[in-house]
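Structural overview for review
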Amino acid sequence: MRDAGQDDAAIEESLDPADWEAARDLVVRVAGEAVDHLHAVPSRPVWRDMPPDIRAGLATPLPEGPTALENVVREVFDTAMAYPMGNTHPRFWSWYMGAGNLTGVLAEFLAAVQGSNLGGGNHAAACMDDQVAGWLKEMVGFPAEASGTLTSGGSEANLVGLTVARNVMAGVDVRAEGIAAAPRPLRFYAFDQVHGCHLKAVEGLGLGRKALRLIPTGGDFRIDLAALRVAIAEDRAAGLKPACIIGTAGTVNAGQRSRLIAARRVPPHPLEHRADDPPMRETDRDHVGAAECVVHAD
Ligand SMILES: Cc1ncc(COP(=O)(O)O)c(C=O)c1O
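The rules behind each value
Residues numbered from 1 in each chain as written. Predicted model: local features only at pLDDT ≥ 70, side-chain atom pairs only at ≥ 80, totals over all residues. Helix = DSSP H or I, 4+ residues; strand = E, 2+ residues; numbered from the N terminus. Buried ≥ 20, exposed ≤ 12 C-beta atoms within 10 Å, placed from the backbone. pLDDT = per-residue confidence, 0-100. Near = placed C-beta within 6 Å. Nonpolar A, V, L, I, M, F, W, Y, C, P; charged D, E, K, R; others polar. Pairing = 2+ DSSP bridges. Axes fitted to C-alpha atoms, helices over the stretch in contact; angles between N-to-C directions. Expected span 1.5 Å × (residues − 1). Parallel < 35°, antiparallel > 145°, perpendicular 65-115°, else oblique. Left-handed = near helix turned anticlockwise from the far one by under 90°. Contact = placed C-beta atoms within 7 Å. Core = buried A, V, L, I, M, F, W, Y, C linked by C-beta atoms within 7 Å.

This part takes up the overall build of the protein chain. A tally of helices and strands in the protein chain yields twelve helices and three strands. Counting over 298 residues, the protein chain shows a buried share of 16%.

We now examine the confidence of the model for the protein chain. Of the residues in the protein chain, 82% have a pLDDT of 70 or more, and the chain-wide mean is 85. Averaged over each element, pLDDT in the protein chain is lowest for helix 12 (residues 287–295) (51) and highest for helix 3 (residues 52–57) (98).

This paragraph deals with the site of the ligand. Taken together, the neighbourhood of the ligand is formed by Tyr96, Gly153, Gly154, Ser155, His195, Cys197, Thr248 and Val252. Residues that form the shell around the ligand fall into these classes: three nonpolar, five polar and no charged.

Here we come to the sheet that holds strand 2 (residues 212–215). The parallel open sheet is built from three strands, whose spatial order is 2-1-3. Whereas interior strands pair on both sides, the edge strands pair on one side only; in this sheet they are strand 2 and strand 3 (241–245). Neighbour to neighbour, the strand axes of the sheet diverge by 30° on average, direction disregarded. Bridge count between strand 1 (residues 186–191) and strand 2: four bridges; the pairing is parallel. Bridging from a neighbouring strand, Tyr189 pairs with Arg213 of strand 2.

Let us look at helix 2 (residues 20–40). Given a rise of 1.5 Å per residue, 21 residues ought to cover 30 Å, and the 30 Å separating the end C-alpha atoms of helix 2 matches this to within 8%. Of all 21 residues in helix 2, zero are buried, a share of ten percent or less.

Turning next to helix 5 (residues 102–114). Between the first and last C-alpha of helix 5 there are 18 Å, a value that for 13 residues agrees with the 18 Å anticipated at 1.5 Å per step. Positive phi appears at Gly115, one or two residues downstream of helix 5, with a value of about 75°.

In this fold, Gly161 is placed in helix 7 (residues 154–169). Its 17 C-beta neighbours within 10 Å are what place Gly161 among the partly exposed residues. A C-alpha to C-alpha distance of 9.6 Å links Gly161 and Ala201, two positions 40 residues apart in sequence.

Moving on, we come to the packing of helix 7 against helix 9 (residues 197–204). Packing of helix 7 against helix 9 brings their axes to within 9 Å, and their N-to-C directions diverge by 45°. Judged by the inter-axis angle, helix 7 sits oblique to helix 9. Relative to helix 9, the crossing made by helix 7 is right-handed. Residue-level contacts link Gly154, Ser155, Asn158, Leu159 and Leu162 of helix 7 to Cys197, His198, Lys200, Ala201, Val202 and Gly204 of helix 9. Taken together, the residues that form the contact of helix 7 with helix 9 break down as five nonpolar, five polar and one charged.

This next bit is on the environment of Gly115. In this fold, Gly115 is placed in the loop between helix 5 and helix 6 (124–140). Accessibility expressed as a C-beta count within 10 Å gives 8 for Gly115, which makes it exposed. For the pair Gly115 and Ala125, spaced ten residues apart in the sequence, the C-alpha separation amounts to 9.3 Å.

Quick look at the nonpolar core now. Leu186, Phe188, Tyr189, Ala190, Val202, Cys244 and Ile246 are the most contacted members of the largest nonpolar core, which totals 24 residues. For this core, the elements supplying multiple residues, two or more each, are helix 7, strand 1, helix 9, strand 2, helix 10 (225–237) and strand 3. Top element by residues in this core is strand 1. It accounts for five residues.

Written out as structure tokens, the structure reads:
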């Protein structure tokens, strides 16, 4: 409750800076340091261990008072920026990880400044979001009526894709009835080089870890199609419902692709064939092939 007579202006609270000119100076300085940081990445060591005092400074209890923004920024540069994982370095060979770039920095910055919710609405950023999804559909030859969305990364994208496969193949309205109402348990197939996010996805989708059958690969780290056929036949015979073959266009370990187009035609194929399927062939040896594989995915 407000006290009678309290001045409206005095009680107005805002997260805006108290001094916009000082805020501008800070942003310009931080932007300059950030660009210098990016420029210097190749000349820094790939990785450095944190000195004990830096590590200790990152394990302190909850602060009880505020810290000036300028000091927070300084602390970030002295800690997080100074001791990175190393994945943005050109000589980082530990796993496969995205590295970002200057364009991405600007995109993230402007997206945060623009600040719109892209769940819908009549505004330019929502149209831009649709436009980019439309361009991606065009790039891979998806029909105009296909829908699409931008996600935060591979795990979320695969979760969305596998959710669609689950809902289409379950044989019930999963959104209304839940997966327990499906007449037959679903089975998904992937080669044993597949990224771990698929396992997490089937767990999260309530299908259970057993729903993902990992098919062995040969010395070439590509899927054994004969083993895939056997697995599907076994599952059908056991009353399970083959629902989805997960293809990979570039594995984490070997940069290898599953035989995507060929796997798509494994009979008895659990998924609908499109009328314009190409004759079976092994085109997924080069990048053109990888793109073609995406085109022929459901
Ligand atoms: C082949 C593959 N799929 C999925 C992922 C998961 O992507 P994210 O870390 O963006 O969720 C990765 C990450 O390295 C990956 O290499």
